[in-house]
Every structure is written in structure tokens, then in C-alpha cells.
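# Descriptive structure summary
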Amino acid sequence: MGLDPRLTDIVALRERARRRIPRAIFDYVDGGSYTESTLSENRVALDRLRLKQRVMRDVSNRDLSTTILGQNVPAPMMMAPTGLTGLVHPNGEVEALKVAHRQGLPFIHSTSAICSADDLAEGAGVPYWFQVYIMKDRDFTRYLLDMAKRSGATTLVITVDLVVNALRHRDAVNGLSVPLRLTGRSVLDGMTKPGWALRMLRAKRVGFGNYAGYLPKGTGTQSMAKWVATQFEPLLTPEAIGWIRDAWDGPIVIKGIMTPEDARLAVDYGAQGIVVSNHGGRQLDGGQATIDALPAIAAEVGGQVQVYADSGIRTGADIFRFLARGADACLIGRAALYGMGAAGPAGLEHALTLLRNELDVAMALTGCRSLSDISPDLLIQD
Ligand code: FNR
């Protein structure tokens, strides 16, 4: 059965995902921290930026391709690291890697994934990027790096904006746990979405895959999650970053940069790329929109390292806005997960294709033939 033709944009995919997966999972994907003000600011700031219509040019051939850390890609996009993707869809991370690979786009595997890095090697067997948090227990961090290396990770993405866990009210109210716990409320909700439970019978895992092999056998998933929650290193000193840089033999990208000063630090630490990100409004509440932080950062380190960005992207025109403000490529977070939640791997593939097509149309209507034609003067801020 093909995809529902009414799923014509990310908004429609989000709505379908909301009706198709358990509420606790949907809210985990959809929500932000505390008052969700950074979450909404990411969108408001993007909407404020208007694209300038340019006409009477030759835009018959448009080229969206570029290179991301030396890899030729057909569009300036990659998949953001997202935890618990394997609860949105069975074996979600393996399926997502396969889709990204088919589309020629980098896939970043989250530390907090359901499928482990080893599962990726077994199920997909193609190169990918691994996202890591620096853990207080350095043996644990090294264990994650070793697994990443042997399973085909080429690039390490170090996320530095989660030194403590910000509270997401929706998760607290839903009693989100891994694996999902049955409560009266979740059972009632589940009865309206029986397909999800049936699909999940095919899941190889329902707990945290990357953590499972480190802790003593028999450690319950709940205690595992509790232990990991205490492990995020708040002491991100030069020693800590230097330690992980030396422990990884390959390119490094630092994710979670919001100021030019921190971008400069990341470059000094030896990063080959940075991700301008506020974690999609899931960490610091009351913060600036990523799109507004980007220009000063790109001015500081653009040209020296690759500058990637994310947070709030729901259309190809949003990607255009990020590129116009100095990003080399964008990470796709929720937009991809809405696709997966709406229709599994085919839905994810559809989400990425929609974004790409929308970017292509935005380029044609602003008179751009290649990504290098996308410049700040094609944006109007009112
Ligand atoms: C994330 N994000 C994230 N980032 C990271 O470095 N490691 C992680 O494990 C996660 N997990 C995660 C789960 C979910 C459900 C979401 C939505 C996000 C942040 C992610 O990589 C990216 O920065 C944001 O998703 C970008 O914002 P948008 O595009 O989703 O609005």
C-alpha cells in the first residue's frame, strides 16, 4: 500500500504521527523543556524571515548538491541524532540509517538510541556518524567510542549542551519511561493505536541499546536509565574535551554551539565542524532561536570549519533560511521523526524528499541555481 497522498508536508506528517504512535512517545518527540519558549522561538524567528522573490533568470537547472566533511551529498541535509527512535518505529535507528544511506545523506546515531551501534552494523552495515555525550565514567565513554568505531562510525559528534537534563513537563506528566510502562492512561491511549503495539512485536529492542552491554548483566532498564541520567559530565573542561578528542581517531564535530565565543573554542579544540543548535528547544528554556544565533557564529568561524545548524526546521524554505544565514548544511530532527511516526521508513523517506523538493522550489523562486547562490540578501527581516 502506498503512502496517503494527503501527507503533503511535515505538518500533515506530524498530525498523522500524533494519531499513530503512543502519546508518551509523540510528546517526547514533539515537546521542549519547561515553558517550551525556546521551542516556539525557533519557529517564530524562522517565520519572521521572508524570502526575496527573484525572477527573469535562468533557473532551469538547479543543483542542491554539496559536500559534508568531504562526502558528496545530493542535498545540504543530514539526520540529527535523536534518542528513542526505535520506539517511534521498531528497529527505528537501523531503518533510519538505511533510508539516509539510500538518499546519500549522513545519519547521526544518538547515544540514547534504542538500537545499539552494533545493531546498525548488523542491520545496515554502512558508514554513519556517532553522537556521544561525555560521561563522568570515562570507561563508559570509551566503551561507547569503541562500539562506534567497530560498527562503522566515521565521525564523532560531541553534544555539549546537555551537561544536565532540563525537565520536559510533557514527559514528566506522561511518566515516560524506557521501555514504556503500562498505566491506565497509556493503556487507554494504546487502545486507539493498536497498530503500534503490533508493529513493536518486530522490535529487536525496546530498551537503551548502547548502554545495555556496559552495565552488569541483569541490570534492569529502569536502573540503567537512572544511572545514565547521573552520568552526563558537567565538568566540560579543556581536559575533558581534549580527552575525548584524543580517544577518537577521526573527524570531530561539536554540537550545541550558540555563541561566536563558544564556536571559537570548539575550533581551538580541533573540531572540523560545529552544529549551531539549542537542542531543538529541549535544553535551555528562554534561549535565543538558532537561526538568530547563526550569523555571528558563521562570521566568526565559517570558512575555517563547516557550520551546520538545526532547530525548528519544518520546510525546505527553512533550510534555505539557514543556508542564507551561513550554514553549510542542516540537521533534520523532528521533521524526520514525524515522517517515521506517520508511516515508518517510507514516511521518513517521504519527509526527507519533501524537504528537498521544497528547498529546490524555494531556490528556483529566489533565482538560485546552486547552494552558493543562496546569500543573506535573499532574506528580508521585518
Ligand atoms: C533530540 N536531540 C538530540 N540531540 C543529541 O545530540 N542527542 C540526542 O540523543 C538527542 N535526542 C533527541 C531526541 C528527540 C526526540 C529530539 C526531537 C531531539 C536534538 C536533535 O539532535 C536536534 O538538535 C533537534 O531535533 C533539532 O530541532 P528540530 O529540528 O527537531 O526542531
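Below, the structure is looked at part by part. Residue indices begin from 1 for each chain and proceed along its sequence in written order. With the structure being a predicted model, the display of local features is reserved for residues of pLDDT at least 70 and the display and counting of side-chain atom pairs for 80 or more, all residues being used for whole-chain, interface and lining totals.

### Things to note about the site of the ligand
The cut-off we apply is this: Only the C-beta atom, placed from the backbone, is used; a residue is near a molecule or strand if that atom lies within 6 Å of it. Only DSSP runs of H or I covering at least 4 residues are called helices, and only runs of E covering at least 2 are called strands; the numbering of each starts at the N terminus. Gly is put with the polar residues, along with every residue not named as nonpolar or charged; the nonpolar set is Ala, Val, Leu, Ile, Met, Phe, Trp, Tyr, Cys and Pro, and the charged set is Asp, Glu, Lys and Arg.
Around the ligand, the surrounding shell holds 24 residues, and the nearest of these are Ala-80, Ser-110, Gly-280, Gly-333 and Arg-334. Only helix 2 (23-30) and helix 17 (334-365) provide two or more residues apiece to the shell around the ligand. The residue inventory of the shell around the ligand, partitioned by class, reads 7 nonpolar, 13 polar and 4 charged.

### Regarding the packing of helix 1 (residues 10-20) against helix 17
Under the convention used in this document: Orientation is described by lines fitted to C-alpha atoms, with helices fitted over the stretch in contact, and by angles between N-to-C directions that extend from 0 to 180 degrees. Comment on the angle field: the value is read as roughly parallel under 35 degrees, roughly antiparallel over 145, roughly perpendicular from 65 to 115, and oblique elsewhere. Working rule for handedness: look at the near helix, and if it is turned counterclockwise from the far one by less than a right angle, call the crossing left-handed; if clockwise, right-handed. Placing a C-beta atom from the backbone of each residue, one calls two residues in contact when those atoms lie within 7 Å.
It is the contact of helix 1 with helix 17, at a shortest axis distance of 10 Å, that shows an interaxial angle of 165 degrees. In terms of their interaxial angle, helix 1 and helix 17 are classed as roughly antiparallel. Like other packed secondary-structure pairs, helix 1 and helix 17 cross with a definite hand, here right-handed. Of the residues in helix 17, those in contact with Ile-10, Leu-13, Arg-14, Arg-16, Ala-17 and Arg-20 of helix 1 are Ala-335, Tyr-338, Gly-339, Gly-341, Ala-342, Gly-347, Ala-351 and Leu-354. Residue composition of the contact of helix 1 with helix 17, grouped by class: 8 nonpolar, 3 polar and 3 charged.

### Details of the nonpolar core
Using the following cut-off: Buried Ala, Val, Leu, Ile, Met, Phe, Trp, Tyr and Cys residues form a nonpolar core when they are connected through C-beta atoms within 7 Å. Partly exposed residues are those falling between the two cut-offs: more than 12 but fewer than 20 other C-beta atoms within 10 Å of their own, whereas 20 or more means buried and 12 or fewer means exposed, with C-beta atoms placed from the backbone.
Grouped together as the largest cluster of nonpolar side chains are 112 residues, with contacts concentrated most on Met-77, Met-79, Ile-274, Val-276, Cys-330, Ile-332 and Ala-351. Ranked by residues supplied to this core, first place goes to helix 17 with 15 residues. If we ignore the near neighbours within four places in the chain, the residues touching Met-77 are Leu-105, Ile-319, Ala-329, Cys-330, Ile-332, Leu-352, Leu-355 and Arg-356.

### Here's the deal with the environment of His-279
Its location among the elements puts His-279 in the loop between strand 9 (273-276) and helix 15 (290-301). On the basis of neighbour counts, which here come to 25 C-beta atoms within 10 Å, the residue His-279 falls in the buried class. With 177 residues separating them along the chain, His-279 and Arg-102 place their C-alpha atoms 26 Å apart.

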